[in-house]
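The chain contents come next:
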Amino acid sequence: MTLIDGKAIAQKTHAESRAAVAELKARGITPGLAVVLVGDDPASAAYVRSKDRMCHELGMHSVKHELPAATSQADLIAIVRQLNADPAIHGILVQSPPPPHIDERAVIEAIDPRKDVDGFHPLNVAKLTLGDPDGFVPCTPLGCQRLLIESGIETAGANVVVLGRSMIVGKPMALLLMNKGPGGDATVTVAHSRTRNLAAVCRTADILIAAIGRPEFVRADFVKEGAVVIDVGINRVDDPTAPKGYRLTGDVAFAEVAPHCRAITPVPGGVGPMTIAMLMANTIASCRRFAARV
Ligand code: NDP
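For clarity, every value in this text was computed on a predicted model and none was experimentally measured. (Residues numbered from 1 in each chain as written. Predicted model: local features only at pLDDT ≥ 70, side-chain atom pairs only at ≥ 80, totals over all residues. Heavy atoms only, no water.)

Caption draft 1: Fine view of the sheet that holds strand β11 (residues 261–264). Taking strand neighbours across the sheet as the criterion, the 6 strands line up as β1-β11-β8-β7-β5-β6 in an open arrangement whose pairing is parallel. Across the chains shown, the open sheet's two edge strands, defined by having one partner strand only, are β1 (2–3) and β6 (187–191). Bridge analysis of strand β5 (residues 159–163) against β6 gives 5 bridges, and the strand direction is parallel. Looking at the pairing, Asn-159 lines up with Thr-187 of β6. Of the strands in this sheet, β5, β6 and β7 (207–210) touch helix α7 (residues 170–178), which is tilted by about 165° from β5. (Pairing = 2+ DSSP bridges. Helix = DSSP H or I, 4+ residues; strand = E, 2+ residues; numbered from the N terminus. Contact = heavy atoms within 4.5 Å. Axes fitted to C-alpha atoms, helices over the stretch in contact; angles between N-to-C directions.)

Right under this line is the structure:
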């Protein structure tokens, strides 16, 4: 069994990003990312801090807007529009989830699709569906695909089961894997809460991608001998013995499943580090496209 080291692969991706930033800066262009956070959810605040830190580490321009939870939708959209017009910004991300009085879709649709480095704007969803490489692909599924490619796991012709059908992970993951090209050309099944005989469906997978948000839901009987398992789940589970009173676990019962796998990602240290790595890569790609337009 091979442990897929997401931290090491993310470091490799960051090294490529650092070189790309240096090359752009030599031409007088600095890739810029703006992250907007509404409210004071501690997990969201931690994600925003780590994105800001990573921008600095790679030599990128970073702007952070931390707005009070009572911020109106109109004021939030006004900030998004300012960022749309700002030539120093190539990527805009509004941290999810916003407070309940804000319509997340309306905010996403206000982002210039050319700066939508999260890939959630309908135009980018359409481009992924069309297999148009000019769009942006959501960072987590893009990171999973990169893990497979970097680990030498062939997707062409493979039976892949994607467990979960969210717009953030499951659906774009399925589209990426079924599109033509490296890391694609797979035969994809998407399973969800209404799937019958779920374990049997998952057992057909050469590659199983679990993204359901249920701690250790995928057990040994879900996994064919020799399958590759990518665990997207990040779940907090109460653990009085842990220093913080909780521990992080994936959607896969790792200890039980790993011995049956050809390769598997751990949690933490698997998919998680790739998400931020792909966010940086998308922002740099956006910067390059803007530079090519002028
Ligand atoms: P959502 O809650 O949006 O979607 C979960 C999906 O799983 C839904 O399609 C749901 O089905 C399906 N599902 C839920 N329970 C079951 C079940 N018992 N059996 C079968 N299918 C089920 O979650 P996300 O896609 O946003 O996230 C999934 C996981 O990935 C979470 O743990 C999240 O924390 C993690 N995540 C990790 C990231 C990273 O950077 N590593 C980034 C984003 C998410 P239905 O549609 O029928 O309700």
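Caption draft 2: The arrangement of the packing of helix α1 (residues 6–26) against helix α10 (residues 272–293) in detail. With their axes 9 Å apart at the nearest point, α1 and α10 run at an angle of 20° to one another. It follows that α1 is roughly parallel to α10 by the angle criterion. The chirality of how α1 crosses α10 is left-handed. Contact residues: Gly-6, Lys-7, Ile-9, Ala-10, Thr-13, His-14, Ser-17, Ala-20, Val-21, Glu-23 and Leu-24 in α1; Pro-273, Met-274, Ile-276, Ala-277, Met-278, Met-280, Ala-281, Ile-284, Cys-287 and Arg-288 in α10. (Parallel < 35°, antiparallel > 145°, perpendicular 65-115°, else oblique. Left-handed = near helix turned anticlockwise from the far one by under 90°.)

Caption draft 3: Representation of empty space enclosed by the protein within the structure. Summed over the entire model, instances satisfying the criterion amount to 1 cavity of 30 Å³ or more. Estimates place the volume of the largest cavity at around 110 Å³. In terms of lining, the largest cavity is formed by 15 residues, of which the most central are Val-94, Glu-104, Ile-108, Ile-111 and Phe-120. Within the residue set of the lining of the largest cavity, elements represented by two or more residues are β4 (91–94) and α4 (104–110). A per-class count over the lining of the largest cavity returns 10 nonpolar, 2 polar and 3 charged. (1 Å grid on protein atoms, 1.4 Å probe; cavity = no way out; pocket = protein on both sides within 12 Å on 5 of 7 lines; lining within 4 Å. Points joined across faces, edges and corners; volume = space filled by probe spheres on them. Nonpolar A, V, L, I, M, F, W, Y, C, P; charged D, E, K, R; others polar.)

Caption draft 4: Layout of the nonpolar core. In terms of nonpolar packing, the biggest core is built from 54 residues, with Ile-230 and Met-280 touching the most fellow members. In terms of residue count, the dominant contributor to this core is α10 (9 residues). Every residue in contact with Ile-230, bar those within four places of it in the chain, is listed here: Ile-4, Cys-144, Leu-148, Leu-208, Ile-209, Ala-210, Thr-265 and Val-271. Counting 19 residues, the second largest nonpolar core, distinct from the first, contains Val-161, Ala-210, Val-223 and Ile-264. (Core = buried A, V, L, I, M, F, W, Y, C linked by side-chain atoms within 4.5 Å. Buried < 20%, exposed > 50% of the residue type's maximum accessible area, 1.4 Å probe, protein only.)

Caption draft 5: Quick look at the site of the ligand. Around the ligand sit 20 residues, and of these Arg-165, Ser-166, Ser-193, Ile-234 and Thr-275 come closest. Here Ser-166 contributes a side-chain N or O atom positioned 2.5 Å from an oxygen atom of the ligand. In the environment of the ligand, a nitrogen atom lies 3.5 Å from a nitrogen or oxygen atom belonging to the backbone of Val-232. Summarising the interface, the protein chains cover 72% of the accessible area of the ligand, which totals 920 Å² for the free molecule. In terms of residue class, the shell around the ligand is made up of 8 nonpolar, 10 polar and 2 charged. (Near = heavy atom within 4 Å. Polar contact = N/O pair within 3.5 Å; in protein donor to acceptor, adjacent residues only side chain to side chain. Areas by Shrake-Rupley, 256 points an atom, 1.4 Å probe, with all protein chains shown as cover.)

Caption draft 6: Main features of α7. Counting buried residues along α7, 7 of its 9 residues qualify, which places the element largely inside the surrounding structure. Among all positions in α7, only Gly-170, Pro-172, Met-173, Ala-174, Leu-175, Leu-176 and Leu-177 are buried. Among the structural elements, α5 (122–130), α6 (139–150), β5, β6 and β7 are those in contact with the buried residues of α7.

Caption draft 7: Region of the structure containing the sheet that holds strand β2 (residues 32–38). With parallel pairing, the 3 strands of this open sheet are ordered in space as β3-β2-β4. Looking at strand neighbours, the two that pair on one side only are β3 (61–67) and β4, the edges of this open sheet. This sheet shows a mean twist of 15° between the axes of neighbouring strands, independent of strand direction. The pairing of β2 with β3 spans 7 bridges and is parallel. Bridging across to β3, Val-36 finds its partner in His-65. The sheet strands contacting α10 are β2 and β4, and the helix crosses β2 at an angle near 125°.

No statement about biological role is implied by the geometric values presented.
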